[in-house]
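# Working through the structure, step by step
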Amino acid sequence: MIELELDGKIINAASGSTILEVAIKEGKYIPHFCYHKKLSIAANCRMCLVEVEKSPKPLPACATPVTQGMKVHTCSKIAVEAQKGVMEFLLINHPLDCPICDQGGECQLQDIAVGYGSSASRYTEEKRAVTNKDLGPLVTTEMTRCIHCSRCVRFTDEIAGYQELGMGYRNNHVEIMPFIGKTVDSELSGNIIDICPVGALTSKPFRNQYRSWELSRRKSVSAHDGLGSNLAVQVDKYHRVVRVLPLENEELNECWISDRDRFSYEGLYHEDRITSPMIKQDNKWVNVDWETAIAYAAKSINGVKTDHGADAIGVLAGANSTTEELYLLQKLMRKLGVYSIDYRLNQADFTLDGKQHGASYLGGKQTDLLKSKSILVIGSILREEQPLLAAKIRKAVKSGAQLNLINVINEDVLCHVTNQIVCDPREFAYIVAQLVKATGTHSDIDLSNVSLSESATSLVNSIKDGGYIVLGEIAKMQPNYAELLMLVDVLAKNIGGKFGVLSGKANEIGADLAGFVPHKTEFNHKAKNFGMNARQMLENGKKAYVLLNTELECDAYNSNLALNALTLANTVIVMSPYVNEQMRSYADVILPITPFTETAGSFINFEGTWQKFNGVTKPLGDSKPAWKVLRVLANTLSVDGFEQNSIEDVRKELIALNDIAGYLNNSMDISKMVIKKPDLSNLIRIGLQSMYNVDSITRRAKSLQETKQAKIPTLMISSGLADSLKINALSNIQAKQLGFGRKFDIAISDTLPNTVVMLAVNNDTCGFGGRFEVIELNTYLGNYK
Amino acid sequence: MLSQDSLKQIDKELTKYPPEQNRSAIMAALRIAQVEHGWLSNELIKYVANYLNIPPVQALEVATFYSMYNIEPVGKYKLVVCTNLPCALSGGVNAANYLKNKLGINFGETTSDGKYTLKEGECMGVCGDAPVIIVNNHSLCSHMSIEAIEKKLMELQ
Amino acid sequence: MAIYTSGVIFAGVDTADKDCWKLESYIKRGGYSALDKILNSGMTQEQIIAELKSSGLRGRGGAGFPTGLKWSFMPRALDGQKYIVCNSDEGEPGTFKDKDILEFNPHSLIEGMIIAGFTIGASVGYNYIHGEIFEVYERFEEALAEAKKAGYLGKNILNKNFDFDLFAHHGYGAYICGEETALLESLEGKKGQPRFKPPFPASFGLYGKPTTINNTESLAAVPFIINDGGQAFQDKGIINSGGTKLFSVSGHVNRPGNYEVPLGMPFAKLLELAGGMRDGKKIKAVIPGGSSAPVLPGDVMMQCDMDYDSIAKAGSMLGSGAVIIMNEDVCMVKALERLAYFYHEESCGQCTPCREGTGWLYEIIHRIEHGEGRLGDLELLDNIGNQMAGRTICALADAAVFPVRSFTKHFRHEFEYHIEHKKCLVNHKWC
Ligand SMILES: Cc1cc2nc3c(=O)[nH]c(=O)nc-3n(C[C@H](O)[C@H](O)[C@H](O)COP(=O)(O)O)c2cc1C
Ligand code: SF4
Ligand code: FES
């Protein structure tokens, strides 16, 4: 501890901290531009100059460490004069047309300049003009406004992991620029808008529409990945979301959000949004009032129940629904005797149901993961699945952690990777089995057929002293997920480490603990009646389906099965904010519910943090929050226990979640297993999804769809496979699964193993089979176009 | 984009620095690339960056910061004359003016036959030998009186 | 042409001999005996530092910081990589001494750097060479190859279980890389943008490792100090200004060049060595320590001695030892305009006051020189200077302000005349 005097006040501060840090802690404002608490210190703007007694010249508060007995004056004559001087320099080449600038009203330069009541300019020469740069569909530039604080450059380098912006040239010709002809393609790029203290970098989608003071600002939680970033959502006077900004939460998103969290809002008002209930009559859709629609839905449910039994009904929901919605829906359904309930739409293997000891989660807090010396991630394209977690892992790697990856593609995570194994996903379990064998034994697991590869040996060296193992979406979708997870459990024990799973969706743990699974009711209670899981429901063809917040043909593990099942069903009741063509053909009634921005609710993120939020705006048109719809539906069906008048009433039933830790548990019963080398003789599909196609809102967000990330090729194979199949980039290729085929252009990439075919999950592949199932490729002669 | 010889020179530069510090060789690598191509096009800068495995924008920063890199095409001979104060006092400005007249171009321009580009230089650290002219960055000519300039121009055909 | 007299670095160097730079020649002059002495007599790091301290050697790069003291700051007992870096990025207008050391006596620097490496516990060194002298860089590379071949560099030097590697790094045109932390950034392959200090290079230098940076002349003087002892070096100069110093004399003299003379020599004597004023013109102004040092009127200068204290007392600084001499035909506005242009051009651009201020200063002086000066411009210049000096990361901003302040102070009437009459008071001739 160090004792110093700040503007006459004696203060104790940690040694090594800077004057600015100490001042901020004391609630004292020192003007600054280049300093940003999450970035390295540049000390180049010189705005934060303060007077330090005994120093012959003013010192930059942001970079000057405090010392014992130091006497600092932040607003003495010397300090203010120095700051005013810097301000004058900043303004001589800066346009003074704040009223037309997009940053107007939220510009640090404007704020500070006003504070100094700057007089008429003494600068009479011509102002410098700087050409604008094309940074892509998300960020607009007005480079003449740039004050060269270099925050954006440091952000791309230090946080986003790859320096995409630079400061070119020198003297007063310095310019912030991307490499010529390149855009800023980071999945975190939008943050440079926030950190730019002036109007040089602004949001392209938001541009020129509003002034910040016309907007109200509401808290929310992101619905697009498992981290649960906190959001400040800005709403205009017509109750429309017009901008999304990060809300600082040091434990979760710090002061950042991913581009997905920031720009998905554009999808909220897509033309597919439905604002009135609809029922299908004589194969035509007609808009009806809520009473009619709900009566119709209730009648359909009752009808199927009477004719075919409650067992003939299946209930499926997207895990980006709120905990309250999911809880009410399963409660209603179970009361009706319907037990086939599931949120795990893209999962293929459910053999662990009933054998796991609690809700699967990260296995600790994020900090536990980031503190560990070695991390092993299996089956996750980290930057796409969890953009911010990936950034944090990069930071951990920079401070010495080792990162190891086992995945189906060679992902560039933009930091040093100690071991990276790119393999056919059928090999995941076999590789983990090798790691198990290298670190110990297990009485129930027969490893006699497992032989250790070189890459596995090298990986063991990294994780053997308490590594942290994490499984991502791709791992969780595998047809042998149970085997894989059990092996990981054993491995974690062998190495004295931890393991966990990442939620790809915002509320997987919420769904699990709300009882939205066939084998458990709320709070991990074992279900008395086991229903079918998501896969069985589609394989076995229910007579009726109730869908909440999902476009099942895109979200299901097996689109082909989903479309067949929904088409053949007698009744499909859909609760969704959006409608699409497929839905129009399989659904019978569509109830327009609101997305997360228009309802109160809560999500539980991948580490088990329960975050409640309110709607940031009114429901659009006649749409309604799902929890209200469910309540009325239950009343109409005369089911008791649905008297909730507010979200608080619903949460009263969820009060147990306040002690959530007791429900989170990754351990499981280990079954007897014999591990064999997988057979890779068939080609297998890798059904990946663009990171901007993960949910109904995101896939409709216009600007995100224009980014590089959104434009992943539909069909892609390795050059090795292309050679052996005698295919080149010009070949006409048909991909085929379950007898369903379609022709595609082909892309060739060396990031893939040779036994897989990447066939993306998107509109064009709707109707294809399982995401990680066998696939055929056929070449055609001639031009099909 | 670069000859085997240039790549070999770059590889040699790389051995000067610790293995994880490839970036240190960027200045030399850009110099070597410029010698081969005469100037640094964007493609060339990107190529060099990729060769050293660093983000292209970092190479661009370097190429635009240091004054001896040509980020635009130059004539066959780039003549840089130091006109800084110490040189000016010993004929630097006179030499520059003579060249301007003789070649019919200003600083920053190239003769229409593409032979000469004239640039104004800052202190080259040889003020005692003024006037000084540097030809194509690497050949320093001192005591450039009018006669010496004439002679030099004859050589540079 | 350069003349070397009583110095330590150039003692015995016959610059007319085209092989004088070679190893063979250096050895004949007694080269590498200091290294030999250290490794064979078992001189300790502490003893070497003590010797340097007693020599009174002050950094020849401009700041004049005692070299022995600087070396003592290195955490030499600490394990891990450390570096010694030589600053041969000589670009301060008027300075051209380091180039001559590299060209005519490169092994003195190499030997000095090896000894420095030994003393501070660095096993690797870099010499950063100014961009515009490519041929000198190539020669230095050759000298390095010679030294390596002879076993003075590399592993197990002189079989004394001491490893040291030395490499040359070629700059490519940026004055600011002479500032030591900009130089480090540049060595790391970045733009030459100075770093904020603290941390100082001795704790966080090249690649974040402890690093000592010295000027070429400082390092090249080390072998003499080891051979003849610190006291012998000190005795060549005067108190507080030990040793000899290379002065680069340029401008309106008959024999511009480098003069290695004892510190404390009267300026008049140095002028005489340089052949006196060209064409017998009157001396008007002298910048005694490189363009960043304040200009002094000729008559003031004639009363000065060439040492740190005397020049400081007269209101300027010894700096890098570049003595720029101007005669009565020079218009001071024009001279300042050229210098202001230089600092504007060479500002690295990161600090607001320097980036914007150097440009603004130049624009105003340019305006005055071109007959568009206004009343109040001199106050504005002064005021802008006050807003720059001491408020930036490195001293370039100060270096840009010193000439402005001193020119407008000592030759104020010329500036006023320019503003008032829209033309020059003197009939300006550069030479
Ligand atoms: C703008 C600027 C330019 C400089 N240029 C040089 C230079 O060209 N050569 C040099 O040795 N030192 C130069 N210096 C001084 C160095 O920063 C540093 O003090 C010096 O290299 C230390 O060596 P010394 O202690 O041996 O003098 C410069 C400093 C500044 C602020
Ligand atoms: S003072 Fe000038 S040259 Fe020095 S770091 Fe700042 S901007 Fe760069
Ligand atoms: S905030 Fe301190 S110099 Fe910019």
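Structure report, in brief. (Residues numbered from 1 in each chain as written. Chains lettered and ligands numbered in written order. Predicted model: local features only at pLDDT ≥ 70, side-chain atom pairs only at ≥ 80, totals over all residues. Heavy atoms only, no water.)

## Let's talk about the side chain of His224 of chain A
All names here are of chain A. Test applied: Secondary structure elements are defined from DSSP: runs of H or I of at least 4 residues count as helices, runs of E of at least 2 residues count as strands, and each element is numbered from the N terminus. Polar contacts, as used here, are pairs of N or O atoms within 3.5 Å; protein pairs need one atom able to donate a hydrogen and one able to accept it. Residues neighboring in sequence count only if both atoms are side-chain atoms. Here a residue-residue contact requires only that any non-hydrogen atoms of the pair lie within 4.5 Å.
Here His224 shows up in the loop between strand E10 (216-221) and strand E11 (230-235). There is a polar contact of 3.2 Å between the side chain of His224 and the side chain of Thr698. The contact partners of His224, leaving out residues within four places of it in the chain, are Arg260, Asp261, Ser264, Gly504, Ala506, Phe596, Val694, Asp695, Ile697 and Thr698.

## A few points about empty space enclosed by the protein
All names here are of chain A. Keep this limit in mind: Whether a set of points on the 1 Å grid over the protein atoms alone is a cavity depends on a 1.4 Å probe fitting there but being unable to get out, while an open set qualifies as a pocket with protein on both sides within 12 Å along at least five of seven lines; lining residues are those with an atom within 4 Å of a point. Grid points are joined across faces, edges and corners, and a volume is the space filled by probe spheres set on the points. Amino acids outside the nonpolar list (Ala, Val, Leu, Ile, Met, Phe, Trp, Tyr, Cys, Pro) and the charged list (Asp, Glu, Lys, Arg) are all regarded as polar, and Gly is one of them.
A full pass over the atoms with the stated rule returns 13 cavities of 30 Å³ or more. In this structure, the largest cavity is lined by 19 residues; those nearest its centre are Glu385, Glu473, Met477, Gln689 and Val694. Those elements giving two or more residues to the lining of the largest cavity turn out to be helix H10 (382-385) and helix H14 (473-476). Looking at the lining of the largest cavity residue by residue, the class counts come to six nonpolar, six polar and seven charged.

## Here we look at the pattern of salt bridges
Residues and elements named next belong to chain C. Quick reminder of the rule: Criterion for a salt bridge: a side-chain nitrogen of Lys or Arg within 4 Å of a carboxyl oxygen of Asp or Glu. Accessible area is worked out with a 1.4 Å probe on protein chains only. A residue is then buried under 20% of its type maximum, exposed over 50%, and partly exposed in between.
Inspection of every chain in the model, using the stated rule, returns 78 salt bridges over all chains. Salt-bridge contacts for Asp100 lead to Lys99; the nearest nitrogen and oxygen are separated by 3.4 Å. By relative accessible area, Asp100 is classed as buried at 7%. With its nearest N and O atoms 2.9 Å apart, the salt bridge here joins Lys190 to Glu188.

## Overview of the interface of chain A and chain B
In plain terms, the rule: Buried area is calculated as the accessible area (1.4 Å probe) missing from two parts once they are joined, with the contributions of both summed.
Facing 15 residues of chain A, the contacting portion of chain B comprises 15 residues. Contact between chain A and chain B buries roughly 1,300 Å² in total, counting both sides, with carbon and sulfur atoms accounting for 64%. In terms of surface lost to chain B, no three residues of chain A exceed Gln163, Arg170 and Phe179 of chain A, which account for 50% of the buried area on that side. Put simply, chain A and chain B have zero salt bridges between them. Across the contact surface, chain A and chain B share five residue pairs in polar contact (both at pLDDT 80 or more). At the level of elements, strand E7 (165-168) and strand E8 (175-178) of chain A are the ones that each hand at least two residues to the side of chain A that touches chain B. A total of four residues in the side of chain A that touches chain B trace back to one element, the largest contributor, which is E7 of chain A. Of the residues assigned to the side of chain A that touches chain B, the class counts are nine nonpolar, three polar and three charged.

## A few points about the site of ligand 2
Selection rule: In this text, near means that some heavy atom of the residue lies within 4 Å of the molecule or strand in question.
Every one of the 13 residues lining ligand 2 counts as a neighbour, but Cys348, Cys351, Cys354, Thr392 and Cys394 of chain C are closest to it. Tallied by class, the residues present in the shell around ligand 2 amount to nine nonpolar, four polar and no charged.

## Some details on the packing of helix H5 (residues 97-104) of chain C against helix H6 (residues 106-120) of chain C
Residues and elements named next belong to chain C. To keep it simple, the criterion reads: As a rule, the C-alpha atoms of each element are fitted with a line to give its axis, helices using only the stretch in contact, and angles between N-to-C directions run from 0 to 180 degrees. Geometric relationships in this document are graded by angle, where less than 35 degrees denotes roughly parallel, more than 145 denotes roughly antiparallel, 65 to 115 denotes roughly perpendicular, and other angles denote oblique.
The geometry of H5 relative to H6 is characterised by a closest axis approach of 5 Å and an angle of 95° between their N-to-C directions. Considered as vectors, H5 and H6 are oriented roughly perpendicular to each other. Within the contact between the two elements, H5 uses Ile101, Leu102, Glu103 and Phe104 and H6 uses Pro106, Ser108 and Leu109. Counted by class, the contact of H5 with H6 contains five nonpolar, one polar and one charged residues.

## Quick look at the sheet that holds strand E32 (residues 740-744) of chain A
Residue and element names in this part refer to chain A. Under the convention used in this document: Note on pairing: two strands pair once DSSP finds at least 2 bridges between them.
What the three strands build is an open sheet, ordered E32-E31-E35; its pairing is antiparallel. The open sheet is flanked by E32 and strand E35 (776-780), the only strands paired with a single partner. Taken pair by pair, the neighbouring strands of this sheet meet at an average axis angle of 25°, ignoring direction. Sheet topology places strand E31 (residues 732-737) next to E32; five bridges connect them, and they run antiparallel. Residue pairing in the sheet places Ile733 in a bridge with Phe744 of E32.

## Topic: the site of ligand 1
All names here are of chain C. What counts is decided by this rule: Shrake-Rupley sampling with a 1.4 Å probe provides the accessible areas, and residues are treated as covered by the protein chains on show and by no other component.
The immediate surroundings of ligand 1 are formed by 17 residues, with Gly61, Lys70, Asn87, Asn215 and Ser218 found nearest. At 2.7 Å from an oxygen atom of ligand 1 is found a main-chain nitrogen or oxygen belonging to Gly61. Asn214 places a polar side-chain atom, nitrogen or oxygen, 2.9 Å from an oxygen atom of ligand 1. The fraction of the free accessible surface of ligand 1 (610 Å²) that becomes covered by protein chains is 89%. Looking at which element gives the most residues to the shell around ligand 1, the answer is strand E4 (residues 211-215), with three residues.

## Concerning the interface of chain B and chain C
In this assembly, 44 residues from chain B lie in contact with 58 residues from chain C. The junction of chain B with chain C conceals about 4,100 Å² of combined surface from both sides, 58% of it contributed by carbon and sulfur atoms. In terms of surface lost to chain C, no three residues of chain B exceed Lys16, Leu85 and Leu89 of chain B, which account for 17% of the buried area on that side. Our count for the contact surface shared by chain B and chain C stands at five salt bridges. Salt-bridge contacts for Asp129 of chain B lead to Lys99 of chain C; the nearest nitrogen and oxygen are separated by 3.8 Å. The interface formed by chain B and chain C includes 25 residue pairs in polar contact (both at pLDDT 80 or more). Looking at the side of chain B that touches chain C, the elements with two or more residues in it are helix H2 (26-37), helix H4 (56-65), helix H5 (85-88), helix H6 (92-103), strand E3 (116-121) and strand E5 (139-141) of chain B.

## Focus: the pairing of strand E27 (residues 610-613) of chain A
All names here are of chain A. With four bridges connecting them, strand E26 (residues 601-604) and E27 associate as antiparallel partners. Following the sheet pairing, Ile604 is matched in E27 by Trp610. Between E26 and E27, which pair antiparallel one after the other, the connecting turn spans five residues, and Gly608 there sits at a positive phi close to 90°.

## A few points about the packing of helix H2 (residues 33-41) of chain C against H6 of chain C
Residue and element names in this part refer to chain C. The condition is simple: Left-handed describes a crossing in which the near helix is turned anticlockwise from the far one by less than a right angle; the clockwise case is right-handed.
In contact at an axis separation of 9 Å, H2 and H6 are set at 20° when each is read in the N-to-C sense. As judged from the angle between their axes, H2 and H6 are roughly parallel. Like other packed secondary-structure pairs, H2 and H6 cross with a definite hand, here left-handed. In contact with Ser33, Ala34, Leu35, Ile38 and Leu39 of H2, H6 contributes Glu111, Ile114, Ile115 and Phe118. When its residues are assigned to classes, the contact of H2 with H6 shows seven nonpolar, one polar and one charged.

## A few points about a nonpolar patch on the surface
Residue and element names in this part refer to chain C. Filter applied, for reference: Patch criteria: residues need more than 30% relative accessible area and no salt bridge. Like-charged residues are merged within 9 Å; nonpolar side chains of Val, Leu, Ile, Met, Phe, Trp and Tyr are merged within 5 Å.
Judged by side-chain polarity, Phe65, Leu69 and Phe73 come together as a nonpolar surface patch covering roughly 260 Å² of accessible area. Relative to the helices and strands, Phe65 is located in the loop between helix H3 (45-55) and helix H4 (67-72). A relative accessible area of 34% places Phe65 in the partly exposed class.

## A short note on the packing of aromatic side chains
We apply this condition: Stacked, edge-to-face and tilted labels apply to pairs of Phe, Tyr and Trp rings (six-membered ring for Trp) whose centres lie within 6.5 Å, assigned for plane angles under 30 degrees, over 60, and everything in between, in that order. Sitting over a ring, as applied to charges here, requires NZ of Lys or CZ of Arg to be within 6 Å of the ring centre and within 35 degrees of the ring normal.
For the structure shown, the criterion picks out 28 aromatic pairs over all chains. Where Phe118 of chain C meets Phe162 of chain C, the ring centres are 5.2 Å apart and the plane angle is 90°; that geometry is what we call edge-to-face. Residue Phe118 of chain C is located in helix H6, and its partner Phe162 of chain C is located in the loop between helix H7 (134-149) and strand E3 (165-170); the two are separated by 44 residues in the primary sequence. Across the pair, exposure class does not vary: Phe118 of chain C and Phe162 of chain C are buried alike. Clustering of aromatic rings is evident, with ring pairs tying together Tyr17 of chain B together with Tyr83, Tyr126, Phe167 and Tyr207 of chain C. Cation over ring: Arg243 of chain A sits above Phe206 of chain A, and NZ or CZ is 4.1 Å from the ring centre. Over the face of the ring belonging to Phe642 of chain A we find Lys331 of chain A, whose NZ or CZ atom lies 5.0 Å from the ring centre.

## Observations concerning H7 of chain C
Counted only if it meets this: One fewer than the residue count of a helix, multiplied by 1.5 Å, yields its expected span.
If you check H7 of chain C, its first and last C-alpha atoms are 23 Å apart, about what 16 residues at 1.5 Å a residue would give, namely 22 Å. The positive-phi residue at the C-terminal boundary of H7 of chain C is Gly151 of chain C, with phi of around 85°.

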